[in-house]
Amino acid sequence: MASTQHVLLSPAELAYLHAALSLTPPIRPDGRAPAQFRPLIAETGILPGTNGSARICFADGTEAIVGVKAEVERTRLADGATAGTEWEEGGSARGEGEDDDGGDKAGDSDWVGLTVEIPGYRDDDAGTAFLGAMLSEALLADGAFARRLWINRRFHWKLYLDILLISPPLSYPLPLLSLTTHLALLATRLPLLKSEGDEDPFFDDDWAAARHLYPRGSGSSRTTKESARPPVTLLVMAVGNNIIFDPAKEELAVADVALAVSVAEDTAVATSTAATMDLDDAAVPAARSLRLLSIRTIDPPSRLTPPGVPNAANSAYGATTAQNQPEARTAEAEAVEGVWRAPRGGAKPLVMAALVQKVLEKGGVADEVLDALDAVDLG
Amino acid sequence: MSDRRRINGPVGATIPPASEDGASREVAGSRGGRSRPPNAIRKMYLKTGVTPSASGSAYLEIETSGRSGVSGLKLSCTVHGPRSLPRSSPFSPHIILSTHVKYAPFATRQRRGYLRDPSERDLGTHLEAALRGAIIADRWPKSGVDIIVSIIEGDQDRETSKTQGDESWDLMNALSGCITVASAALADAGIDCIDTVAGGVAALVSDKGDGNPSIVIDPIPSEHDRILAACCIAYLPTRDEVTNLWFKGDLPASDAELYTKLVEKGIQASAKANRVLVECLGETVG
Amino acid sequence: MAAPSMSFPRAVFAKLSPHPYLLRTLAPQPPSDAAASRTNGRAPHEARPVHIHTSSLSHAHGSALVRTGDTTVICGVRGEVLPVANIPQYRPQATQQQQQDDSHERADERGGLGRGELKDYDLLVPNIELATGCAPQFLPGVPPTTLAQTLSTRVYSLLHSCRVVDPKSLRIWYTPPTAVGDEMDTEEQQRQQEEADDGDDGPQLAAYWVLYIDLLFVSLDGNPFDAAWTAVMAALRDTKLPAVRWDPDRQAAVLQSYSQPTTTTTATAAAAVPGQDKNSVKTTPLPVAGLPVACTAAMFPEKEHGGESMAASAEATVGNRHWILLDPDRSEETLCSETITMVVDCSEGGETRIKSIEKQGGVVIGRELIRGFAGVAEKRWKEVRDAMQ
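Reading the values: the criteria
Residues numbered from 1 in each chain as written. Chains lettered and ligands numbered in written order. Predicted model: local features only at pLDDT ≥ 70, side-chain atom pairs only at ≥ 80, totals over all residues. Heavy atoms only, no water. Pairing = 2+ DSSP bridges. Helix = DSSP H or I, 4+ residues; strand = E, 2+ residues; numbered from the N terminus. Axes fitted to C-alpha atoms, helices over the stretch in contact; angles between N-to-C directions. Contact = heavy atoms within 4.5 Å. Parallel < 35°, antiparallel > 145°, perpendicular 65-115°, else oblique. Left-handed = near helix turned anticlockwise from the far one by under 90°. Nonpolar A, V, L, I, M, F, W, Y, C, P; charged D, E, K, R; others polar. Expected span 1.5 Å × (residues − 1). Buried < 20%, exposed > 50% of the residue type's maximum accessible area, 1.4 Å probe, protein only. pLDDT = per-residue confidence, 0-100. Buried area = accessible area lost by both parts, 1.4 Å probe. Salt bridge = Lys/Arg side-chain N within 4 Å of Asp/Glu carboxyl O.

A.B. asks: How do you make sense of the sheet that holds strand E10 (residues 257-265) of chain A when you look at a structure like this?
C.D. replies: Backbone-to-backbone hydrogen bonds join strands into a sheet, with any given pair of strands oriented parallel or antiparallel. Spatial strand order, E9(A)-E8(A)-E10(A)-E11(A)-E9(B)-E8(B)-E6(B)-E7(B): 8 strands in an open sheet with antiparallel pairing. One side of each edge strand has no neighbouring strand; the edge strands of this open sheet are strand E9 (242-245) of chain A together with strand E7 (214-217) of chain B. For this sheet, the mean angle separating the axes of adjacent strands, direction not counted, is 25°. By the bridge criterion, 8 bridges tie strand E8 (residues 226-236) of chain B to strand E9 (residues 241-252) of chain B in an arrangement that is antiparallel. If you follow Ala234(B) over to E9(B), its bridge partner there is Asn244(B). Sheet strands touched by helix H3 (residues 174-187) of chain A: strand E8 (232-239), E10 and strand E11 (290-298) of chain A. Its angle to E8(A), the strand with the most contacts, is close to 155°. Across the sheet, helix H2 (residues 118-132) of chain B is in contact with E11 of chain A together with E8 and E9 of chain B; its angle to E9(B) comes to roughly 135°.

A.B. asks: What exactly am I supposed to notice about the sheet that holds strand E1 (residues 44-48) of chain B here?
C.D. replies: All names here are of chain B. If you walk across this open sheet you meet the 5 strands as E1-E2-E3-E5-E4, and the pairing is mixed. The sheet is open, and its two edges are formed by E1 and strand E4 (96-103), each paired on a single side. Direction aside, neighbouring strands of the sheet carry axes that sit 15° apart on average. Examined bridge by bridge, strand E3 (residues 73-84) and strand E5 (residues 143-153) share 9 bridges and lie antiparallel to one another. By the bridge assignment for E5, Leu75 is matched with Ile151. Relative to the sheet, H2 contacts E4 and E5, its axis offset from that of E4 by approximately 140°.

A.B. asks: Hey, could you run me through the packing of H3(A) against helix H8 (residues 365-374) of chain A in this one?
C.D. replies: A pair of packed helices can be characterised by two numbers: the angle between their axes and the separation between those axes. Residues and elements named next belong to chain A. The N-to-C vectors of H3 and H8 enclose an angle of 45°; their axes lie 11 Å apart at closest approach. Our classification of the angle between H3 and H8 gives oblique. The crossing of H3 and H8 is right-handed. Contact with H3, carried on its side by Leu179, His182 and Leu183, involves Val369, Leu370 and Leu373 of H8 and no other residues of that element. By residue class, the composition of the contact of H3 with H8 is 5 nonpolar, 1 polar and no charged.

A.B. asks: Which parts of the structure should I look at to understand H2(B)?
C.D. replies: For the α-helix, the turn length of 3.6 residues means that residues three or four positions removed from each other point alike. Across its 15 residues, H2(B) extends 21 Å between first and last C-alpha, which sits within 8% of the 21 Å expected from 1.5 Å per residue. When you tally the buried positions in H2(B), you get 13 out of 15 residues, the bulk of the element.

A.B. asks: Hey, could you run me through the confidence of the model for chain B in this one?
C.D. replies: Detailed reading of the predicted coordinates is not advisable wherever pLDDT falls low. Residues and elements named next belong to chain B. Confidence in the prediction of chain B, expressed as mean pLDDT, is 83, and 86% of residues score 70 or more. Looking at the elements of chain B, mean pLDDT is at its lowest for helix H1 (residues 21-29), recorded as 46, and at its highest for E5, recorded as 93. In the model, residues 22-31 has pLDDT below 50 throughout and makes 11 contacts with residues more than four positions away in sequence or in other chains. As a predicted assembly, this complex carries a pTM of 0.85 together with an ipTM value of 0.87.

A.B. asks: What should I look at first to understand the interface of chain C and chain B in this one?
C.D. replies: Where interface size is quoted, it is often the accessible area lost as the parts come together. Contacts between chain C and chain B engage 59 residues on the former and 49 residues on the latter. Buried surface at the junction of chain C and chain B, both sides included, amounts to about 4600 Å², of which 56% is carbon and sulfur. At the boundary of chain C with chain B, the tally comes to 2 salt bridges. A salt bridge links Asp214(C) to Arg111(B); its shortest N-O distance comes to 2.9 Å. Mapped onto the side of chain C that touches chain B, the elements with two or more residues apiece are strand E3 (71-83), strand E4 (124-129), helix H6 (146-162), strand E6 (204-219), strand E8 (244-247) and strand E9 (252-255) of chain C. Here the side of chain C that touches chain B takes 9 residues from E3(C), the largest share from any one element.

A.B. asks: Which parts of the structure should I look at to understand the pattern of salt bridges?
C.D. replies: Note on pairing: side chains with opposite charge can pair once their charged atoms come close. All names here are of chain A. Enumeration according to the criterion identifies 47 salt bridges over all chains in this entry. Put simply, Arg296 and Glu137 hold a salt bridge, and the shortest N to O gap is 2.8 Å. With Arg296 in strand E11 and Glu137 in helix H2 (residues 126-140), this pair connects stretches of sequence that are 159 residues apart.

Written out as structure tokens, the structure is:
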């Protein structure tokens, strides 16, 4: 797994990095601020054969491409039979309470197929499956994504998201893949439906008439649960008392704890605040109201790093070799200042809570990232 | 897909019998809410040493809610190791954990195949993260340990015809069971750990009766109408540290209280499970 | 110089030189008057006691957990519906004839058409999963080992040859309703009934039940086949298939609950269990014919053979003692290369019927031994039968 790939740093380097990152304020190897992201290059519409596509390059050379394709599929009932002309009112409980239109519009999480490809790893590798699960979890967490794919009672769109990491996995690829997916979904367009009711669907041939999956400028018909933007997953780590965003490979190798947090924007609240803000000061952008979708701990590669040997135990520095081996092995050596030891145990709950708070605070990192992605031209 | 090495069924697709929708509605109505208080976990039965040929093994059974058709959780875990790594693998100063989680074909409402699917690999990764924090890895250089969990029965209600939605919350319950049983098996195998890990699940549910969502621990998805969010926590009680946190759901970021409360409850659930685990290990391993 | 005396604890001896260790316990030297026994304390003709628990799984239609010593197996039987439309090589003619032949008792001798359905349409699907870490050599991540494949195939062929499951009980019929209106006079009704009797509108075979028999080994300590077969039999006897009716609109079989009247059921009569919940599904127990029980023994030679030719080993057997070890455990299995498995059924009228004899791995076991072994298998049958009740 990319996160557990052995980082070729010696114990001395690791101890140095850890000490530097534990200072207040932390000194990062490339001199960034703790919440500063590296510059990235983003473009959309690079694959003409897809419904939507995007490509993002990070400053450390990692690059990812996401292509989204949509196909019309016949809706299946729960028992595996295809939906006949009579639709029995079954379906999941999710969308029942909130739908005003007749009929059950609740979708199925099967309507989204997500595959992640990392060069050098099989697609059924545990790490790849973890990444895929995290990304699709964030997408389907609000339970309403599949509603966008509904055509009529008998048909729906099946969306295939293919996420490819083009460069070798030099660092943990999760934030890169998530941002690229976000952009690609924003750029995805579905052909305009021309048929009516429950008949076999047919669409407008004019691609210019195709409407976006996530339309810009939310209309009033959206329910509060649907966010008008796809989710974004951020990687955040903690060293000592410091919280660090967008960690590079070396920084991740000394992390005490690393979390992947998925957030999405809640537009219904955002538009109402925007309305009130317009009266006061049009120049100030409305702060986004975020929704927390999922959190997973990432096993940092710091646990697989080799430990350093303190001078007292190092025979090259005059330590006595008459020590009995079994005792030395089981005796818990105290942590010597400046000597690297892989972290043990987990993270204190308070530290984790602080991490999550930092991600979610208004005007914080998540807002910045979403703002930056907003500015990308969708072509 | 036909597997050459197994006996495959008929070429045509087989489907499980469908249920009448009328019947399922009645069942839903008579579901009844949760019978336990919101802060109580279900009774667990834990036994170690079920596979004598393995280095360590454990069997966990979590009771059903008492109604017919709702199953509990039955897990069996075997630990093989520490064993030497194959010669081709590079030197590793720490023990190499490899976890495998597999649902038995008869474990869930929908029959699962023999090949591992991504959700099982996902569970395996979570389990590895949870256990890695507990094992003292640098005592065993150049070694590997295999932890294999077989889920004999998943936590699912057989009669609900509502297939989607419940599956993903069941995975959380399964994960917390996996963590607890793997921890017991590790202790049975004699691998050094700094503390015993146990898994706990807390969920934010909303029932039709009262409008406000409430937080319950050790939820059974079929007992509640809607699950808004849930989290699964692997917790080390003596060090007060969390080795794995998996949160899923939809919470407004402005209401940070809700999230912290959910995590707190998850830690409580995990601490309760840990007490049972320690009691059982005290009897068998000594 | 006096040679240092070496004494090991028994466990170490067993690991260092298992063959002489077992030989010494089976044939104690004259000074010792201990009875011949194996390293695990059993007599050579003593099998481990069997413990069977059924109905432990709630998502399976039938289940059993079998424990013989340290070998633990869980078997779950799951039924799924295979619509006839999904069978590529379906032949309706054969089944129509059989429906008429149901009353005749010729099925046993002929055995042809009945067995044909089970085998042709793959209605029984047994599978054995060993990669659960049950023993150190069975770890997941690899495709099924030779042992797992052989066991699955043996269970499969034994299931079909013993004919314990009757294909009649796996058929799902469908009778298209005849339209009867109030305005119709009796003549029309009679005509319609005549048309109906033509056989076209009679009960049609709409689908079959397919039984997925999955075995999971929790722990393996020798003799997997016996335990697996016992688990299969116990699970099949415990299986209760839900009563279903075929719905032509949905092209699927639909469960019937007690609150609904039955229109068409499977060929066997539905058993109404008193005290059942009003909304729960009606189930019918699967009829299982007979109780075949497997009994395995391994042959332990005095001298360890090491890849000799047939002629050489034939000579070697003359002065070589052998012991038959019933229900071998893992350490004994590694020392023995020859095994014999016999499947007997004593449930039909008290007489013993041998359903299968399999012998492989060597030349020692001959006709007399096999004949004698039948008696041992009979005793084992009684033990297992008692455990199943």
